[in-house]
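Descriptive structure summary
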Amino acid sequence: MKNLILGYTRGRNKWHGFSEALKSIGQHVDLAIDKFDNINDKYDRIWSMAESMLPLQAELEEKWGIKNISKDAASILTNKKKLDDFVVDLMPSIIPNSVIPTCLEDLDIFGDGAFCIKPVIGSGGKQSYDTSVAYMSYHNKESFMKSVPCDLLFQLNKKGFNDPLFNNYTNYYMAQEHLHADTLYSPYHYVNEKGNIKTLFWLIANNVVNNIDENRFETKPMSFMTYPELEVPSKVEYYTQYFFDTMIDELKIKNMFFSGPDFYWDGVNIKIIDCNPRIGSGLQIMNELHDGQYLPAILLDKPFAIKHSYMWTPAKLKPGRIKEIKDTSHIEKYFGQNHKLKAGQISTGYTWPAADISRPGDKESYARPILTITGKNRSDMLDTYQTVCKQLQDCIVYA
């Protein structure tokens, strides 16, 4: 089997781990990273590590006679607004209101309610609170008008804009109903070569609101933890199965991983957002915790017993400027990639797992230690988390 992986340099953790999984089961792998103009060989299977790669994958598949994703399906799965509209036609009750606004009146669909602005293509975690509207929420239309150069955004949305971050596709800003829930449930799935869907595992996350000013706020999951499938609310599990069965039947998808969608469940109503047709960080972590054996088992359609649960969350530290870091070798196994502390950094306390809190022109370096805690169950992981946070705190000397 000859495989081609499409990806970006910034997503190395995903495509590197996945390429190693394919090689471990005796398959040939080539990588196309950032540059896609010189793909001349023919391949048996293509894997996209970002949804913005799907249109290229569909184009190459049509050229080589592969039938894992069509151009129509790729167009829908790449674009959040198109996916919303597609699912609304099939399952209208679970999709939040959304619109690509080109005038203020378009925002009337939210009434006096809150909404979030996000690009229709791509995913985001880094944030500039001074200049960016992406992934920012507004209390209502009036708050939006006070905070955003509306005419500029509306003009931009009339034609779209070329987005170099996502393969130079034409992007737009959509407004989507803000969802209120303390907890979200997020599954990982794989669709095999026969088009059969398999639930891999579930994560649960706690949502935290960050009020930026009187008009703007953001709600993001602060920590993620693996969650027993048997404890997932039955209504959430029902809609998960219905969602994926319908999607696969309608779009004829094969050989594809899914991270999400995120299910917002308040005990009565269910809404979903962010269905990502790619390997997510959670699956990569799970594979690493099982010594790289989990992804190969999935690809070979072999049973696999998950032995490790994990918690991915920021460390709780006292705020202040760090003067000195003592030896942390005894706890470095819990640190995520690129999250080691350095003298001179500013600790802001309990920060977002994937947030860029610096402002334009800000030369400060901010400490964002993210911990990956493993254990047998929730209680075990929480105990370990408290212990590691205390040990890390004891290693920090403040100025």
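First things first, this report covers the structure right here in the doc.

How each quantity is defined
- Per-chain numbering applies: the sequence of each chain, read as written, is numbered from 1 onward.
- With pLDDT at 70 or above as the cut-off, local features in this predicted model cover only qualifying residues; side-chain atom pairs require 80 or more to be listed or tallied, and sums for whole chains, interfaces and linings still use all residues.
- The basis for every side-chain value is the complete set of non-hydrogen atoms in the structure, without hydrogens or water.
- Using a grid of 1 Å spacing that covers the protein atoms alone, one calls a set of points a cavity when a 1.4 Å probe fits there but cannot get out, and a pocket when the set is open and has protein on both sides within 12 Å along at least five of seven lines; lining residues are those with an atom within 4 Å of a point.
- Grid points are joined across faces, edges and corners, and a volume is the space filled by probe spheres set on the points.
- By the criteria applied, helices consist of DSSP H or I runs no shorter than four residues and strands consist of E runs no shorter than two, each listed in order from the N terminus.
- Only protein chains enter the accessibility calculation, which uses a 1.4 Å probe. A residue is then buried if its area is under 20% of the maximum for its type, exposed if over 50%, and partly exposed in between.
- By construction, the arc corresponds to the directions joining the helix axis to the C-beta atoms.
- Only heavy atoms enter the contact rule, under which two residues are in contact if any of them lie within 4.5 Å.
- Only buried residues count toward a nonpolar core. Its members are Ala, Val, Leu, Ile, Met, Phe, Trp, Tyr and Cys residues joined through side-chain atoms within 4.5 Å.
- Convention adopted: a line fitted to C-alpha atoms gives each axis, helices being fitted over their contacting stretch, and angles between N-to-C directions are expressed from 0 to 180 degrees.
- Orientation labels follow simple angle bins: below 35 degrees gives roughly parallel, above 145 gives roughly antiparallel, 65 to 115 gives roughly perpendicular, and whatever is left gives oblique.
- Charged means Asp, Glu, Lys or Arg here, nonpolar means Ala, Val, Leu, Ile, Met, Phe, Trp, Tyr, Cys or Pro, and polar covers whatever is left, Gly included.
- Pairs of strands are assigned from DSSP output, requiring at least two bridges between the strands.
- When a carboxyl oxygen of Asp or Glu is within 4 Å of a side-chain nitrogen of Lys or Arg, the pair counts as a salt bridge.
- For Phe, Tyr and Trp, rings pair up if their centres lie within 6.5 Å, where Trp contributes its six-membered ring, and each pair is then called stacked (planes under 30 degrees apart), edge-to-face (over 60) or tilted (otherwise).
- Here, over-ring charges are defined by two tests on the NZ atom of lysine or the CZ atom of arginine: distance to the ring centre within 6 Å, and angle to the ring normal within 35 degrees.
- Polar contacts here mean pairs of N or O atoms no more than 3.5 Å apart (in protein, one a potential hydrogen donor and the other a potential acceptor; neighbouring residues in sequence count only if both atoms are side-chain atoms).

**Some remarks on the layout of surface pockets**
Within this model, the second largest pocket holds a volume of roughly 330 Å³. Lining the second largest pocket are 19 residues, with Thr226, Tyr227, Pro228, Glu229 and Ser309 sitting closest to its centre. Those elements that place two or more of their residues in the lining of the second largest pocket are strand 11 (197–211), strand 12 (216–227) and helix 10 (378–394).

**Points about helix 6 (residues 150–159)**
Side chains three or four residues apart in an α-helix point the same way, a direct result of the helix having 3.6 residues per turn. Within the sequence span of helix 6, burial applies to Cys150, Leu153, Phe154 and Asn157. What you see down the axis of helix 6 is that its buried residues fit within an arc of 100°, all on one side. Exposed positions of helix 6 whose direction lies more than 90 degrees from the buried face are Asp151, Leu152, Lys158 and Lys159. On its buried face, helix 6 sits against helix 5 (141–147) and strand 9 (173–177).

**Notes on the nonpolar core**
Membership of the largest hydrophobic core comes to 51 residues, with the highest contact counts inside it found for Leu77, Met247, Phe258 and Leu371. The element best represented in this core is helix 7 (residues 234–251), accounting for seven residues. Look past the residues within four positions of Leu371 in its chain and what remains in contact with it is Met311, Trp312, Thr313, Ala315, Tyr334, Phe335, Tyr385, Val388 and Cys389. One finds Ala21, Tyr188, Ile285 and Ile298 within the second-largest nonpolar core, a separate group that totals 30 residues.

**Thoughts on the packing of helix 4 (residues 80–90) against helix 7**
Remark: helix 4 packs on helix 7, axes separated minimally by 11 Å, with the N-to-C direction vectors making an angle of 105°. Between helix 4 and helix 7, the angle falls in the class roughly perpendicular. Where helix 4 abuts helix 7, its residues Leu83, Phe86, Val87 and Leu90 lie against Tyr242, Phe243, Thr246, Met247, Glu250 and Leu251. Its residues assigned to classes, the contact of helix 4 with helix 7 shows eight nonpolar, one polar and one charged.

**A few points about the pairing of strand 15 (residues 270–273)**
In the sheet, strand 14 (residues 262–265) pairs with strand 15 via four bridges, with the strands oriented antiparallel. From the neighbouring strand, Trp265 faces strand 15, where its bridge partner is Ile270. Linking strand 14 to strand 15, which pair antiparallel, is a turn of four residues; within it Gly267 sits at a positive phi near 100°.

**A closer look at the sheet that holds strand 19 (residues 366–367)**
Pairing in this open sheet of four strands is mixed, and the strands run 19-18-17-21 from one edge to the other. The sheet is open, and its two edges are formed by strand 19 and strand 21 (396–398), each paired on a single side. As paired strands, strand 17 (residues 320–325) and strand 21 are joined by three bridges and run antiparallel to one another. Across the sheet, residue Ile325 finds its bridge partner in strand 21, namely Ile396.

**Regarding the pattern of salt bridges**
Side chains carrying opposite charge are able to pair once their charged atoms draw close together. Within this structure, the stated rule accounts for 13 salt bridges. Residue Asp85 is joined to Lys81 by a salt bridge in which the shortest nitrogen-to-oxygen separation is 3.1 Å. Here the residue Asp85 and the residue Lys81 both occupy positions in helix 4, the gap between them amounting to four residues, near one helical turn. With relative accessibility at 36%, the residue Asp85 sits in the partly exposed group. The salt bridge involving Asp274 is made with Lys118; its shortest N-O contact spans 3.4 Å. Taken together, the residues Asp274 in the loop between strand 15 and helix 8 (281–289) and Lys118 in strand 5 (residues 115–119) connect sequence positions 156 residues apart.

**What about the packing of aromatic side chains?**
Using the criterion set out here, one finds 21 aromatic pairs in the structure. Pairing Tyr43 with Trp64 gives two aromatic rings, centres 5.7 Å apart and planes at 55°, and the pair type is tilted. One end of the pair, Tyr43, is in the loop between strand 2 (28–33) and strand 3 (45–48); the other, Trp64, is in helix 2 (residues 54–64), with 21 residues separating them in the sequence. Taken together, the ring pairs in this structure connect Phe18, Trp47, Tyr190 and Phe257 into an aromatic cluster. Just above the ring of Tyr43 sits the side chain of Lys2; from NZ or CZ to the centre is 5.0 Å. It is Arg10 that lies over the ring of Tyr8; its NZ or CZ is 4.2 Å from the centre.

**Side note on the environment of Val232**
Tracing the backbone through its elements, the reader meets Val232 in the loop between strand 12 and helix 7. Between the C-alpha atoms of Val232 and Tyr185, which are 47 residues apart in sequence, the distance is 7.9 Å. Once you skip the residues sitting within four places of it in the chain, Val232 turns out to touch Trp202, Tyr227 and Glu237.

**Some remarks on the side chain of Thr78**
Position of Thr78 relative to the elements: it lies in helix 3 (residues 71–78). Under the relative-accessibility criterion, Thr78 is labelled buried at 4%. From its side chain, Thr78 meets the backbone oxygen of Glu51 in a polar contact 3.0 Å long. At a separation of 2.6 Å, a polar atom in the side chain of Thr78 contacts the main-chain carbonyl oxygen of Ala74. With near-sequence residues (within four places) excluded, Thr78 lies in contact with Glu51, Ser52, Leu54, Pro55, Val120 and Ile121.

**Here we look at the sheet that holds strand 2**
Within a sheet, adjacent strands bond to each other through the backbone by hydrogen bonds, running parallel or antiparallel. If you trace the three strands from one edge of the open sheet to the other, you get 2-1-3, paired in parallel fashion. Of all the strands in the sheet, the pair left with one neighbour each is strand 2 and strand 3. Neighbour-to-neighbour, the strand axes of this sheet turn through a mean angle of 20°, independent of strand direction. Bridge count between strand 1 (residues 2–7) and strand 3: four bridges; the pairing is parallel. Each bridged residue has a counterpart across the sheet, and for Leu4 the counterpart in strand 3 is Ile46.

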